[in-house]
Amino acid sequence: MSEHSAPVQGPVLTRTFRVLLALAGIAGLLLLWRFLFGLGSVTALNDGYPWGLWIAWDVVVGTALATGGYGMALLVYVANKGRYHPLVRSALVTSALGYTLAGVSVFIDLGRWWNVYKVPLAPWHWNVESVLLEVALCIMLYMMVLWVELGPAFLEKWKASGSQLGREFAEYFSPRLSRALPFIIALGILLPTMHQSSLGSLLIIAGQKVHPLWQTPLLPLLFLISCIPMGYGAVIMESQLATRVFGRRSENDLLRDLRGLMSLLLLAYVAIRLGDLAVRGQLGHLGLDGFTALFALEIGFFLAAAYFLKFRTLHAPVLFRTALLVLLGGALYRFSAFLFAFNPGPGWSYFPAVPELMITIGIISGEIALYLLIVKKLPILAALPKTRVQLPAGTPVFKSAEGGVEPVAPASGRPSV
Amino acid sequence: VFNELELLARSGSSGVTRRTFMQQSVLLAATAVGLPATAAAEVEEALKRGLKPSVIWLHFSECTGCTESLLRTSTPGLDEVLLDLISLDYHETLLVAAGHQAEAARYDAMRRHKGSYVLVVEGAIPTKDGGIYCQVGGHTAMEMLEECAADAGAIIAIGSCASWGGIPSAGINPTESVGVPALVKDKPVVTLPGCPPNPYNFLGTVLQFATFGTLPELDARGRPKFAYGRTIHEDCPRRPHFDAGRFAEAYGDQSHRDGHCLYKLGCKGPQTYANCSLQSFCEVPGAWPIGIGHPCFGCTEPGIGFTVAMHDTLPIDLMTPPTTYAPIHAQHGKVSPSATGLAGVAAGAAVGAALVASRKLGENGTGEETGKE
């Protein structure tokens, strides 16, 4: 892939980067506090709501947003749509970061985190009936798979580096990784399919605690088919923002081609959601209450997104906002199922505490900072002029700073991130 | 009736000696039955001196429920009671001997422990036609009671039947059954009514007698005040619902499911003196009528238990209005205003930034050459 991708380059320690680092640093200090004095010292978690913001946002929504790599792998390697290849690596980076930090969040959220080594290392301790075990194993494995999938980017970097050792290492492993990659990629498609649906299964176990508008045996299916358009939505927003910020060639045409698949999945989700409620005779739970409003809002986000995705020539801002709608709908669905429509019994309430929020904000900041670092130092984003997608006739000609094979640093006057 | 502690002691490998085990058992027993914790040491001393009271246990008109519940204690367990705490010399349910041998054991104990044995009576005594409706070994219950009570050091009537007649005396009372106090007039009779009574109330009384040679303070009906000093209503776990006016109106209605007060279903708690809510039956919390959602039926009170219809309500005797009304459910979890503010700011900033970013994407008109300014 070396001929397709190139580092963005440019200075790393920009002001934005420093702010992000500062936020991550605050979270780091709070985490120290958490590990010294326990979950109760930084969170508002309680016995009714043992899963709060960290699980609902960092893990459940976070991994759904990070399914871009999964969705792209499905498209490119399963559906054999090679033209999407330029989007794969950046999608993999967001996925790898998203999953890694989801893993970190789970670790932080574990009351007895010192036992976590048993999940990968001590199978004789496993409870094989546990949905959570499947989720933990899949997320851990998939995290590794994602970084291995990104391996070629690192190897290319080292191959091009001046270090003798790095070059030799890269030359030794590159061919071996290339041979292994098809299996790794197959694993990278299997694992998210398993655990994204399992995230839904977790709530089936919660039984009547979950409001009947959300509780259904089809939760795993709903979680699975809604995570893929969310992943694409994240890819769209990431690509558009990267294009804008780094002053790169637009990938909007390619992104627009995701419309059909996204709207198909969104409509399928809405149809299954409503159909399932109707078949099981649960539509009577719709009424004039907050739950129905929440339900309508989720469905509304997805339907609005599906409506906009109908148009062949979506303007860039509209495409961006449509992707945002998909993310909002999917995130709201997950938040509702895990928190808003989750009622552990009378008297229980939960709202994340300030340190809890700051840790989540810090984790997001750290994720963005890592993304910036990676795309600037590694060949991730498409080196577009060489791999130029065939544009429809009449598309305005791109007149950006990147003229050559190697993108240059952003031109002066451009916002530098 | 083995408990963990005992298994440890028997195993001999845990470092728990029989002595420490006995101390633990006695301490548990003493505190379980309402004796002060300091009494444990004295109980132990008394036991070491070998002062095990001889107990003669008579069964009359009854169902053996009192014995059955006594068999199910665990601190102390039945074997501790029988082997270490008391010397049970006659008990028709537990006796090894039979027939004349059994009766001989009774007479032997009465002779050897004259004036000091504890007489426990379980069951009512029929008095009609000379008491012929309950006989053991050719003797009527009346004769046996008279005989045994004469030389007893202490007399305990266990259960509602022995205390005041109980079920055999209910309704038309065909056998004219009465409790022990109606026949034994010259000695104090400790009554432990209940159907069945809590075995720990019995053990507490016996332990006190064994250790100090005294009987607990009794009320006008001969009931130990440590167990029968307050009404069920006063210490009822559902009391906050009564105070707040939350009543189950029918079995299975929402209030009943939510665990509200059972007064309107006929709960006799307001006039029934017993410690059911404070001292779990055989360490099973909630194993009593109100605990499982049934109104108290007043088994310890003559004139109420087996007399007032199950679902008739009684007037409230003791009015003790609360100063505050407890909530139905305790509130857990708090929402800090600064957290909501921060969450709002963060979410708002994220959505705002996304919208601003999306507008910038289209700044150059076509929305296509997004890399260009």
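Nothing here was measured: the structure is a model prediction, and the numbers come from that model. (Residues numbered from 1 in each chain as written. Chains lettered and ligands numbered in written order. Predicted model: local features only at pLDDT ≥ 70, side-chain atom pairs only at ≥ 80, totals over all residues. Heavy atoms only, no water.)

Engineer: Explain unusual backbone geometry residue by residue, including any values.
Structural biologist: Residue and element names in this part refer to chain B. Residues C195 and P196 are joined by a peptide bond in cis, for which omega reads -5°. Look at N173: it is not a glycine, yet its phi comes out positive at around 50°. In the Ramachandran plot, F306 falls in the positive-phi region, its phi being about 60° despite a non-glycine side chain. Mapped onto the secondary structure, F306 falls in the loop between helix 12 (254-257) and helix 13 (337-361). Taking the relative accessible area as the measure of exposure, F306 reaches 25% and is therefore partly exposed. (Helix = DSSP H or I, 4+ residues; strand = E, 2+ residues; numbered from the N terminus. Buried < 20%, exposed > 50% of the residue type's maximum accessible area, 1.4 Å probe, protein only.)

Engineer: Give me the lowdown on the confidence of the model for chain B, citing residues and values where you can.
Structural biologist: Residue and element names in this part refer to chain B. Here chain B shows a mean pLDDT of 83. Residues at 70 or above account for 81%. Across chain B, element-level confidence peaks in strand 4 (residues 125-126) with a mean pLDDT of 96 and bottoms out in helix 1 (residues 4-11) with 47. For residues 365-373, every residue scores under 50 in pLDDT, and the model assigns this stretch 31 contacts once sequence neighbours within four places are set aside. Reported confidence for the predicted complex is 0.76 by ipTM and 0.59 by pTM. (pLDDT = per-residue confidence, 0-100. Contact = heavy atoms within 4.5 Å.)

Engineer: Provide a residue-level description of the packing of aromatic side chains, including the pertinent values.
Structural biologist: Residue and element names in this part refer to chain A. Following the criterion strictly, the structure yields 30 aromatic pairs over all chains and no others. Taking 4.6 Å as the distance between ring centres and 50° as the angle between the ring planes, the aromatic pair formed by W33 and F37 counts as tilted. Linking W33 with F37, this pair stays in helix 1 (residues 15-37), spanning four residues, or about one helical turn. When its relative accessible area of 46% is taken as the criterion, W33 is described as partly exposed. Judged by relative accessible area, F37 falls into the exposed class, the value being 52%. Between F35 and F107, the aromatic rings sit 5.8 Å apart at their centres with planes inclined by 35°, giving tilted as the arrangement. Separated by 72 residues along the polypeptide, F35 in helix 1 and F107 in helix 4 (residues 85-109) bring together distant segments of the chain. (Phe/Tyr/Trp six-rings, centres within 6.5 Å; stacked < 30°, edge-to-face > 60°.)

Engineer: Go over the sheet that holds strand 7 (residues 154-158) of chain B, please, and point to the residues and values.
Structural biologist: Residues and elements named next belong to chain B. The strand order across the open sheet formed by five strands is 2-1-3-7-9, and the pairing between neighbours is parallel. Strands at the two margins of the open sheet, each flanked by one partner only, are strand 2 (87-91) and strand 9 (189-192). Between one strand axis and the next, the sheet turns by 20° as a mean value, whatever way the strands run. Judged from the four bridges that link them, strand 1 (residues 54-59) and strand 2 form a sheet pairing that is parallel. Residue pairing in the sheet places W57 in a bridge with H91 of strand 2. (Pairing = 2+ DSSP bridges. Axes fitted to C-alpha atoms, helices over the stretch in contact; angles between N-to-C directions.)

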